[in-house]
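Below are the chains, spelled out letter by letter.
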Amino acid sequence: LGWLPNTKSPIDMSKVFERFGIIPKRTPSTKQPVIDEEHLLTYAQKWPAARDILTNAVSTNQQRTMLSMYALMTTGPDDFYHASYDLYKAVTGRLASEGPDEGHLIPKKKHAGPQMQNQPRMMRAMFIPDNPELDELTNFDFTQAEPHVVAWDANDIFYINALLSGKDVHRIAGLVIFKGFNPTGNLPSDEQIGTIQKICPKCLAAKEQECTHSERYLAKRCKNGIAYGMQAPRLMQVLRGDNIFIAKDMAELIVRRVLTEPLREWQDRTSNELERSRWLTNIYGGKREFYGLKDDTMLRDALSWKAQSAVTHLTCTAMRRIHERITKEGLPASLKTQTHDSCTISHRTADHSFFVELIKQSTYLPVMVHGRELIIPHETTHGPSWGEQYK
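Residues numbered from 1 in each chain as written. Predicted model: local features only at pLDDT ≥ 70, side-chain atom pairs only at ≥ 80, totals over all residues. Heavy atoms only, no water.

## Considering the packing of helix H4 (residues 145–154) against helix H5 (residues 157–165)
No. 1: The geometry of H4 relative to H5 is characterised by a closest axis approach of 8 Å and an angle of 140° between their N-to-C directions. Taken together, the axis directions place H4 and H5 in an arrangement best described as oblique. Crossing of H4 against H5: the hand is left-handed. Residues Pro 147, His 148, Ala 151 and Trp 152 of H4 form the contact with H5, whose own contacting residues are Tyr 159, Ile 160, Leu 163 and Leu 164.
No. 2: Grouping the amino acids of the contact of H4 with H5 by side-chain chemistry returns 7 nonpolar, 1 polar and no charged. (Axes fitted to C-alpha atoms, helices over the stretch in contact; angles between N-to-C directions. Helix = DSSP H or I, 4+ residues; strand = E, 2+ residues; numbered from the N terminus. Parallel < 35°, antiparallel > 145°, perpendicular 65-115°, else oblique. Left-handed = near helix turned anticlockwise from the far one by under 90°. Contact = heavy atoms within 4.5 Å. Nonpolar A, V, L, I, M, F, W, Y, C, P; charged D, E, K, R; others polar.)

## Side note on the side chain of Lys 167
No. 1: Relative to the elements of secondary structure, Lys 167 occurs in the loop between H5 and helix H6 (169–179).
No. 2: Here the side chain of Lys 167 touches Asp 190 through a polar contact of 2.8 Å, side chain to side chain.
No. 3: Look past the residues within four positions of Lys 167 in its chain and what remains in contact with it is Gln 144, Ala 162, Ile 172, Leu 187, Pro 188, Asp 190 and Ile 193. (Polar contact = N/O pair within 3.5 Å; in protein donor to acceptor, adjacent residues only side chain to side chain.)

## Looking at helix H3 (residues 51–71)
No. 1: Between its first and last C-alpha, H3 extends 30 Å over 21 residues, near the 30 Å set by a 1.5 Å rise per residue.
No. 2: At its buried positions, H3 is contacted by helix H1 (10–20) and helix H2 (37–46). (Expected span 1.5 Å × (residues − 1).)

## Considering the nonpolar core
No. 1: Ranked by size, the top nonpolar core spans 74 residues in total, and within it Cys 222, Ile 226, Leu 235, Ile 254, Ile 283, Tyr 284 and Ile 376 carry the most contacts.
No. 2: With 14 residues, the top contributor of residues to this core is helix H13 (residues 296–329).
No. 3: In this structure Tyr 284 touches Ala 310, His 313, Leu 314, Leu 365, Val 367 and Ile 376, once residues within four positions along its chain are discounted.
No. 4: In terms of nonpolar packing, the next biggest core, distinct from the first, is built from 15 residues, Val 16, Phe 17, Leu 41 and Tyr 43 among them. (Core = buried A, V, L, I, M, F, W, Y, C linked by side-chain atoms within 4.5 Å. Buried < 20%, exposed > 50% of the residue type's maximum accessible area, 1.4 Å probe, protein only.)

## Here's the deal with the packing of H4 against helix H12 (residues 261–276)
No. 1: Packing of H4 against H12 leaves a shortest axis separation of 9 Å and a crossing angle of 80°. Considered as vectors, H4 and H12 are oriented roughly perpendicular to each other. Note on element contacts: H12 touches H4 through Pro 262, Leu 263, Trp 266 and Arg 269, opposite Val 150, Asp 153 and Ala 154.
No. 2: Looking at the contact of H4 with H12, its residues break down into 5 nonpolar, no polar and 2 charged.

## Some points on the side chain of Gln 119
No. 1: With respect to the element layout, Gln 119 can be found in the loop between strand E2 (96–98) and strand E3 (135–142).
No. 2: Setting aside chain neighbours within four positions, we find Gln 119 in contact with Tyr 70, Pro 114, Arg 124, Phe 127 and Trp 386.

## Here's the deal with H13
Every α-helix winds through 3.6 residues per turn, so residues three or four apart in the chain are directed the same way.
No. 1: A rise of 1.5 Å per residue sets the reference length of H13, with its 34 residues, at 50 Å; its end C-alpha atoms lie 49 Å apart and thus fit the reference within 8%.
No. 2: For H13, the principal kink sits at Trp 305 and spans about 30°.
No. 3: Between a side-chain oxygen at the N-terminus of H13 and the backbone nitrogen of Thr 297 the separation is 3.2 Å; the capping residue is Asp 295.
No. 4: The first or second residue beyond H13 is Gly 330, which carries a positive phi of 60°. (Bend = angle between axes of the 7 residues up to and from the residue.)

## Quick look at the pattern of salt bridges
Charged atoms that come close allow side chains of opposite charge to pair.
No. 1: Within the structure shown, the criterion is met by 9 salt bridges.
No. 2: The salt bridge involving Lys 167 is made with Asp 190; its shortest N-O contact spans 2.8 Å. Residue Lys 167 is found in the loop between H5 and H6, and its partner Asp 190 is found in helix H7 (residues 190–193); the two are separated by 23 residues along the sequence.
No. 3: The exposed category is assigned to Asp 190, whose relative accessible area is 58%.
No. 4: Measuring nitrogen to oxygen at the nearest pair gives 3.5 Å for the salt bridge that ties Glu 379 to Lys 391. (Salt bridge = Lys/Arg side-chain N within 4 Å of Asp/Glu carboxyl O.)

Shown next as structure tokens:
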């Protein structure tokens, strides 16, 4: 730009908009341009010439928020950060958390600190064991947990077979989306699956471990959301958050290809269940009542709740089993965090084999779904920090 704007200043951003001919949405009262993340990305979609500038502004705002969140973290008397779980915020059955409201480091600001259920990988290296000299962190993560629940509950034979085969279902979904593969017959070959890139050329050149621009990542984001009733406009909005800009006709094509007949029937069955009763039950027997008028929003909430609450149930069951053994046997170990489909434990490095076996026992929770047994597999990693983990 030739000058340094304050990316959170409506005045400075107005100058940026004027330069690129952007006509922003304005607030009714102050008539100032709306410059939150969602709207900045919407402008980037409509005015491609300004896309690099606007996505840079979004990234800058995210980093500023992250910096303040970690720099002003509230810790307790023991100098630990104890996140407080909220059961009421995440309506789909996930857990949420916030900073504790005691021992504030900042006047007039409560709950200072990060949401532990959504930790960016770049920040995880700062989380270390209680005793870095004697301990390590072990993490277990359920493998493709939500796709398992959806496939079994929808009785989607193609994706059930894909998951049982151990093949990467996100790459298979990529074949369906980008190559027009028919998800009704035989599974694709490993050679076909290998044509769906896991890391894009740019990230590969930069030696990045993860990529949010690849065909696999895009397929993963699309398949999960579309299963829960996401339509093309919302899909475009979600992908913009990952700096992926697609046209509406491409979004509609993706929705058509991902929404298989078993998925449609599962969505229709859930809609009919809401007609009969506002109480729904997930595959593990968990129940929830849905309030308000039955509309598309309620149906989307119900679909996502069926899958996500089941995964939360599975993870928290494992977490309780592990906690009971640690407490009962007085082990020098503790559970550190639960992030929806995974859990992190701090323990003595010498006890590594014991905890691998304990995790194996604790995560085993078979359930019958439409006459078919479902056991969601898990992967265990360990290392000196949450960010540095090895299989």
